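Inside the fold
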Amino acid sequence: MAPAHPLETYKELLLFLCTAGLVAPVFRRLRISPVIGYIGAGVLLGPHGLGALADRWPILDYVSFSSVEQIAQFAEFGVVFLLFMIGLELSFERLKRMRKLVFGLGALQVLVTILVIATLGVVLGEKTGTSLVIGAALALSSTAIVMPILVETKRLATDAGRASFAILLFQDLMIAPLLFMVSVLGTRAESGFGVGLFYALAPAVIALALLVGIGRLVLRPLFHHVALSRSTEFFMAAALLVVLGTGMVTEASGLSMALGAFIAGLLLAETEYRRELEVTIEPFKGLLLGLFFVSVGAGLDLSHVIAAPYLTLGIAIAFVVIKAIIVYGLARLLGKSHAAAFETALLIGPGGEFAFVMIGAAAANNLLSSSAAGNVMLAVTLSMLAIPFLAPLSTRAPRKAPTIDPALLVPPSAEETRARVLIIGYGRVGRLVSDMLTRHNLEFLAVDGDAKLVAAARDAGVPIYWGDATRPDFLFAMGIAHARALVVTMDAPRAAELIVEEARKMRPDLTIVARARDATHATHLYQLGASDAIPETIEASLQLSEAVLVDIGIPMGYVIASIHEKRDEYRQLLQKASPSEKPRHAIRMSTRVKDMNKPKKSVEGEA
């Protein structure tokens, strides 16, 4: 048997990379959500787009997706990584504070939507079981589309953003019970609904308990062990292992992979590795979410819409309107403002990705005919396509000044908004700097690459993270956009230079004070944009001079004044030796940094 041609083997992957590398950046530059670009590319390149013409023009087979199922398997991981990042920006304490929204508004939305849509189904002549399944499927919303939109538009921290997140989170928690309901309605097991429910959910409950218990004991030591190796590759491997491993555990127990990844994120949210994990996982999340949207578009068969436009569009519009009215009414009932309720309703009204799983399971259990299942799936897909267009409309309702509980704010995180001093390097010099900042009631946030040092400082209550501060994305995650000053105390000259250079590009107005090995190194740091560079050799000489002058009887005031004068002379000499220092301060923020300044899925976290 002849081996498969490489192009045939990797065609889907190459097409997706072309989409991610060409289409998505164009949409972003046009200030259009890349989600639309991914879905549109999926429609165009899918088996119902150019793929449908491949029989007539075989060359089109090379530029179209021939196996949507194959890419869909990997596309599911996009939602998994998204939920992990959301959990990483939360914490169990913060989730506890949001319990009224999650188990109040979220639970009511799912229950009322199922009952209303199921009742309408029975009235229209459908069987009770079929109506319940359709109601359950349409009650779910799209975490994969709504959450990135909220994060990208900086609305996750708003009242509507928190309400939407709470509803989506409860929907994820309900996936396992709803899927069990489908299997019970399809098989009508002799053990009965109550006994069957117990035996079906018991493994899931046990798995969650073990995941939380073992995770609290294992995850932090695991990353501490990996961090000791100082290897980016090993750290990335451990991060992927945790995300995919916890997802597999929950899926094997009957829950969704996304829920397992979310719990893993919650467990790691309070550790010193949180920011480095964010930076490591972000590229995987973005690419896999893009692949998910491409698979959604590729599965859309526009011929059905053309053949029966009133039926497909009618179903889509009807359930979105019904669901939005329910969400709006419940949000108002629970005290939300008109603007917040309206925004939440438009975001939650459309269907979601897990509806495909529900409908597929129902069709497999003979609860839905293939034609009915196809119509519902098509309606859900059309509603998901409408989310990027509905999102801007949701913000046009008149609104009063928001009154938000600071304890429940989602992003931007504490590191991103509080004007703290960032200390890069928490050795002896860094600790002394932090002590002086604390003495003057100034907040600071520290970073170090020594896992043992970070763990010990973290246990002592120091606000510190482990990570590589030479990476611009890590500096951004630490909140350099709003930092009051940056202090670089590292004894590695090249690393200090990289940090100063990147920080100056990101913040032309930032005060940057750096530790230098000698006068030559200080001159170079000034050239890279440091506000002050402190050479160890010169500073040691000045301190020795101060000590000897005071010890031989020279008045302290005169000594201190002369030392300061000499220090200023050295500073002026070093700055004159770095003529590019002023232009460096005037440099504009690079395009890459502008892209990094776009919001992420974050929650106000570290105290």
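No experiment lies behind these values; they were computed from the predicted model shown. (Residues numbered from 1 in each chain as written. Predicted model: local features only at pLDDT ≥ 70, side-chain atom pairs only at ≥ 80, totals over all residues. Heavy atoms only, no water.)

**Remarks on the overall build of the protein chain**
Where we set the bar: The secondary structure listing takes helices from DSSP runs of H or I that are at least 4 residues long and strands from runs of E that are at least 2 residues long, numbered from the N terminus. Exposed residues in this analysis have more than 50% of their type's maximum accessible area, buried residues have under 20%, and partly exposed residues fall in between, with area computed by a 1.4 Å probe over protein chains only. By definition in these notes, contact holds between two residues if any of their heavy atoms fall within 4.5 Å. Note on areas: these come from Shrake-Rupley sampling with a 1.4 Å probe, and a residue is covered only by the protein chains present in the view.
Across its full length, the protein chain holds 28 helices and six strands. By the burial criterion, 49% of the 607 residues in the protein chain qualify as buried. Excluding contacts between residues fewer than 6 apart, the proportion of contacts in the protein chain whose partners are at least 24 apart in sequence is 76%. A total accessible area of about 28300 Å² is found for the protein chain, and carbon and sulfur atoms account for 65% of it.

**Things to note about the pairing of strand β1 (residues 421-424)**
Applicable threshold: Two strands are said to pair when DSSP picks up at least two bridges between them. Handedness of a crossover is defined as follows: orient the strands so they point away from the viewer, and if the path from the first strand over the helix to the second runs clockwise, the crossover is right-handed.
Here β1 shows two buried faces, one formed by V421 and I423 and the other by L422 and I424. Note that β1 and strand β2 (residues 444-448) share four bridges and pair parallel. When the bridges of β2 are listed, I423 appears paired with A446. Once the chain exits β1 it traverses helix α20 (residues 428-439) before rejoining the sheet at β2, and the crossover so formed is right-handed. Inspection of the sheet shows β1 paired to strand β4 (residues 485-488) by four bridges, in the parallel sense. Along β4, the bridge assignment pairs L422 with L486.

**Quick notes on helix α17 (residues 354-364)**
For the record, the criterion: This arc is built from the directions going out from the helix axis to the C-beta atoms.
Residues of α17 that are buried: F354, A355, M358, I359 and A362. Seen from one end, α17 has its buried residues packed into an arc of 140°, which puts them on one side. Looking one or two places after α17, you find N366, whose phi comes out positive at around 60°.

**As for the packing of aromatic side chains**
Counted only if it meets this: The pairing test for Phe, Tyr and Trp rings, Trp by its six-membered ring, is centres within 6.5 Å, and the orientation test on the planes gives stacked under 30 degrees, edge-to-face over 60, and tilted for anything in between. Here, over-ring charges are defined by two tests on the NZ atom of lysine or the CZ atom of arginine: distance to the ring centre within 6 Å, and angle to the ring normal within 35 degrees.
Throughout the structure, instances matching the rule amount to six aromatic pairs. Taken together, a centroid distance of 6.3 Å and an interplanar angle of 20° make the contact between F81 and F284 stacked. Within this pair, whereas F81 is found in helix α3 (residues 68-88), its partner F284 is found in helix α13 (residues 274-298), the two being separated by 203 residues in sequence. Judged by relative accessible area, F81 falls into the buried class, the value being 3%. Note on F284: relative accessible area 28%, which makes it partly exposed. Connected via pairs of aromatic rings, a cluster forms that spans F223, F235, Y273 and W466. When the ring centre of Y465 is taken as reference, the NZ or CZ atom of R458 above it lies at 4.9 Å.

**Considering helix α7 (residues 143-152)**
Test applied: In the analysis that follows, any N or O atom pair within 3.5 Å is treated as a polar contact, provided that within protein one partner can donate a hydrogen and the other can accept it, and provided that, for residues neighboring in sequence, both atoms belong to side chains.
Within α7, eight of the ten residues are buried, leaving the element largely enclosed by the surrounding structure. For α7, the full list of buried residues reads T143, A144, I145, V146, M147, I149, L150 and V151. Measuring from the side-chain oxygen of the N-cap residue of α7 to the backbone nitrogen of I145 gives 3.2 Å; that N-cap residue is S142. Looking one or two residues beyond α7, the residue adopting positive phi is K154, at roughly 60°.

**Observations regarding the pattern of salt bridges**
Condition: Throughout this description, the term salt bridge denotes a Lys or Arg side-chain nitrogen within 4 Å of a carboxyl oxygen of Asp or Glu.
Evaluation of the coordinates by the stated rule reveals eleven salt bridges. For D473, the salt bridge goes to R471, with nearest N and O atoms at 3.7 Å. Note on D473: relative accessible area 24%, which makes it partly exposed. Here R507 makes a salt bridge to D509, at a shortest N to O gap of 2.8 Å.

**Description of a nonpolar patch on the surface**
How we decide: In this scheme, patches are assembled from residues that exceed 30% relative accessible area and form no salt bridge. Like charges are connected within 9 Å, while nonpolar side chains (Val, Leu, Ile, Met, Phe, Trp, Tyr) are connected within 5 Å.
A cluster of nonpolar side chains, contributed by L53, W57, I59, Y62 and V63, occupies part of the molecular surface with about 500 Å² of accessible area. Inspection of the secondary structure puts W57 in the loop between α2 (34-45) and α3.

**Side note on the packing of α2 against α13**
Put simply, the test is: Helix axes are fitted only over the stretch in contact, all axes being lines through C-alpha atoms; the angle between N-to-C directions runs from 0 to 180 degrees. For this classification, under 35 degrees means roughly parallel, over 145 means roughly antiparallel, 65 to 115 means roughly perpendicular, and everything else is oblique. Each crossing is labelled by how the near helix is turned from the far one, with a counterclockwise turn of less than a right angle marking it left-handed and a clockwise turn marking it right-handed. Charged means Asp, Glu, Lys or Arg here, nonpolar means Ala, Val, Leu, Ile, Met, Phe, Trp, Tyr, Cys or Pro, and polar covers whatever is left, Gly included.
Between α2 and α13, the least distance of the axes is 6 Å, while the angle of their chain directions is 45°. Classified by the angle between their axes, α2 and α13 sit oblique to one another. As for the relative orientation of α2 and α13, their crossing is right-handed in sense. Contacts from V35, Y38, I39, G42 and V43 of α2 reach α13 at G290, F293, V294, G297 and A298. The class makeup of the residues in the contact of α2 with α13 is seven nonpolar, three polar and no charged.

**Remarks on the pairing of β2**
Counting buried positions along β2 gives five out of five residues, so the element sits mostly inside the fold. Side chains F444, A446 and D448 project from β2 onto one buried face, and the interleaved L445 and V447 project onto a second face that is buried too. In this sheet, strand β3 (residues 464-466) lies alongside β2 in parallel orientation, the contact comprising three bridges. Paired with D448 across the two strands is W466, which belongs to β3.

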